Every structure is written in structure tokens, then in C-alpha cells.
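Commentary on secondary and tertiary structure
The lines below spell out each chain.
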Amino acid sequence: MKVIASSVRKGNILEVDGQLYVVLSAESFFPGKGTPTTQIDMRRLSDGTKTSQRYKTTEQVERAYVEDREHTYLYQDGDNYIFMNPETYDQLPVPADVVGDQAVYLQEGMACMISIYEGNAVAIDLPQRVILEVVETEPTVKGQTASSSYKPAILSNGVRTMVPPHIGTGTRIVIMTADGSYVERAKD
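Residues numbered from 1 in each chain as written. Predicted model: local features only at pLDDT ≥ 70, side-chain atom pairs only at ≥ 80, totals over all residues. Heavy atoms only, no water.

**Focus on the sheet that holds strand β10 (residues 111-117)**
Cut-off, in case you're wondering: For two strands to be treated as a pair, DSSP must find no fewer than two bridges joining them. Each helix is a run of H or I in the DSSP string that is no shorter than four residues. Each strand is a run of E no shorter than two, and both are numbered from the N terminus. Lines fitted to C-alpha atoms define the axes, with helix axes restricted to the stretch in contact, and inter-axis angles between N-to-C directions lie between 0 and 180 degrees.
The strand order β9-β8-β7-β10-β11 describes an open sheet built from 5 strands, whose pairing is antiparallel. Looking at the sheet topology across the chains shown, the edges are occupied by β9 (91-95) and β11 (120-125). Ignoring which end each strand starts from, the neighbouring axes of this sheet average 50 degrees apart. In the sheet, β10 pairs with β11 via 5 bridges, with the strands oriented antiparallel. Its bridge partner being in β11, I114 is matched across the sheet by I124.

**A word on the pairing of β9**
Selection rule: Think of it in three bands: with a 1.4 Å probe and only protein chains considered, a residue is buried below 20% of the maximum accessible area for its type, exposed above 50%, and partly exposed in between.
Burial of the side chains of β9 is restricted to one face: L92 and V94 are buried, whereas none of Q91, P93 and P95 on the reverse face is. Bridge count for strand β8 (residues 80-84) against β9 is 5 bridges, and the pairing is antiparallel. Bridged to I82 within β9 is P93. Between β8 and β9, which pair antiparallel and follow one another directly, the connecting turn spans 6 residues, one of which, Y89, has a positive phi of 65 degrees.

**Thoughts on the UniProt feature "domain: Translation elongation factor P/YeiP central" (unreviewed entry) in the protein**
Let me state the cut-off plainly: UniProt positions are given in the numbering used here, feature names are shortened, and annotations may be inferred rather than shown by experiment.
Under the local residue numbering, the UniProt record ascribes the feature "domain: Translation elongation factor P/YeiP central" (unreviewed entry) to residues 68-122. Taken as a whole, residues 68-122 contains 7% helix and 55% strand, while its terminal C-alpha atoms sit 10 Å from one another.

**Points about the pattern of salt bridges**
Under the convention used in this document: Salt bridges are defined by distance alone: a side-chain nitrogen of Lys or Arg within 4 Å of a carboxyl oxygen of Asp or Glu.
Applying the stated criterion across every chain, the model contains 3 salt bridges. Here E67 and R69 are joined by a salt bridge, their closest N and O atoms 2.2 Å apart. Residue class for R69 comes out partly exposed when judged on its relative accessible area of 28%. Residues E184 and K187 are paired through a salt bridge, measuring 3.1 Å at the closest nitrogen-oxygen approach.

**Points about the sheet that holds strand β15 (residues 172-176)**
Across the sheet, 5 strands lie side by side as β14-β13-β12-β15-β16; this open sheet has antiparallel pairing. The outermost strands of the open sheet, each flanked by one partner alone, are β14 (160-163) and β16 (182-185). Averaged over all neighbouring strand pairs, the angle between strand axes comes to 50 degrees, with direction disregarded.

**Quick notes on the packing of aromatic side chains**
Note the following rule: Only rings of Phe, Tyr and Trp enter the pairing, Trp through its six-membered ring, and a pair is recorded when the two centres are within 6.5 Å. The plane angle decides the type: under 30 degrees is stacked, over 60 is edge-to-face, the rest tilted.
Applying the stated criterion to the full structure yields 2 aromatic pairs. Taking the centre distance of 6.3 Å and the plane angle of 45 degrees together, the rings of Y73 and Y81 count as tilted. Chaining the aromatic ring pairs together yields one cluster made of Y73, Y81 and F83.

**Regarding the side chain of N85**
Using the following cut-off: Here a residue-residue contact requires only that any non-hydrogen atoms of the pair lie within 4.5 Å.
Tracing the chain through its elements places N85 in the loop between β8 and β9. Each residue touching N85, except ones within four places of it in the same chain, is listed here: R69, E70, H71 and D90.

This is the structure in C-alpha cells:
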């Protein structure tokens with residue numbers, strides 16, 4: 001499906017020269033004099049190569065038809081992560097390079113949005129927040145101010161993050177999956 005370059009957004013899948021690319025960022029420039037342009041940074045899905053293209057904002061680009069469907073994470077099998085469609089119970093293997101750095105936040109039974117192109121998973125969206133347990137952290141030093149002094153902690157999935165001083169070992173906390181940052185103490 002052809003769309004104008006200025007309507008392309010982050011996460012869209014484009015077809016350029018017969019290859020599929022996922023859009024990392026799209027920015028439109030409107031100079032006072034001259035032609036408005038759109039700068040699109042994208043990553044090739046086949047091998048992960050990053051590239052940057054500049055189009056006139058009215059130029060047509062080919063947007064691949066990608067189906068977004070919710071799947072439930074089941075388990076890891078070698079280099080693949082196995083997800084299940086909750087409606088049909090079909091299992092879908094997702095390659096490790098598609099999941100990327102987010103793999104550490106996958107939990108059994110987690111609902112994720114998977115973008116599927118011609119039967120293959122090309123992109124995955126995890127929930128914004130995930131609840132994990134602190135397995136190791138330094139004890140609180142008396143007299144530290146609570147304002148902005150954070151301490152390192154290791155979570156149940158092996159990820160290191162910074163937590164406020166009042167968080168101790170065994171505490172369940174909410175973490176942002178995008179950058180691994182602490183949000184709040186879990187309410188359960």
C-alpha cells in the first residue's frame with residue numbers, strides 16, 4: 001500500500017527495493033525556503049542493518065501490509081521464543097533477533113503484540129511495564145537522603161537497575177520494559 005512519506009510513523013514496516021524495513025524514527029523538516037523533506041531512520045528486518053533515507057514529504061513509499069495480533073509467551077526453545085495465539089492455539093516461533101534486548105523481560109503467560117508479515121514474525125511489542133522481584137541489593141545506609149540517591153539492584157531476571165534506598169531484597173517492583181528503569185513498588 002502506497003502512503004506519503006510524511007505519514008510514516010515509528011514501528012511501521014516499509015518495503016524498499018524488495019526488502020522489509022522497520023521504521024525507527026521519522027522526522028519531517030519544513031524549511032522556510034525549499035522543499036519539505038522527511039528523514040526516515042530504519043532497520044532492515046533480514047539482517048538488522050540500519051539505514052537512513054530522505055524523501056520529499058509528498059513522495060510515495062510502499063508500506064508493507066503487516067498484521068498485528070496478540071500472542072501469549074510460552075517458552076524459549078533454542079534461538080526461538082515460542083508464542084501462542086490465544087484464539088486458535090497455534091504456536092508461533094519468534095527468532096531471538098526479532099525479540100532483541102527485550103527478551104529478558106519475557107515472562108510465561110505474558111501477552112505481547114506481534115507483527116506478522118507473510119506468516120513470519122517481524123516485530124514484537126511487550127507490555128510497557130513488568131513486575132519483577134529484587135534478588136540482591138545493598139542494605140540501606142542510615143542518613144542517606146531519600147531525594148535522589150538510588151542504589152544498584154539485581155532483579156529476578158538478572159537485569160541490573162537503580163532503585164530507591166527503601167527497596168530491599170525480596171521486594172516486588174514495577175519496571176519499564178523500554179529502558180529497565182524503576183517505576184514503583186508493586187501493589188500486590
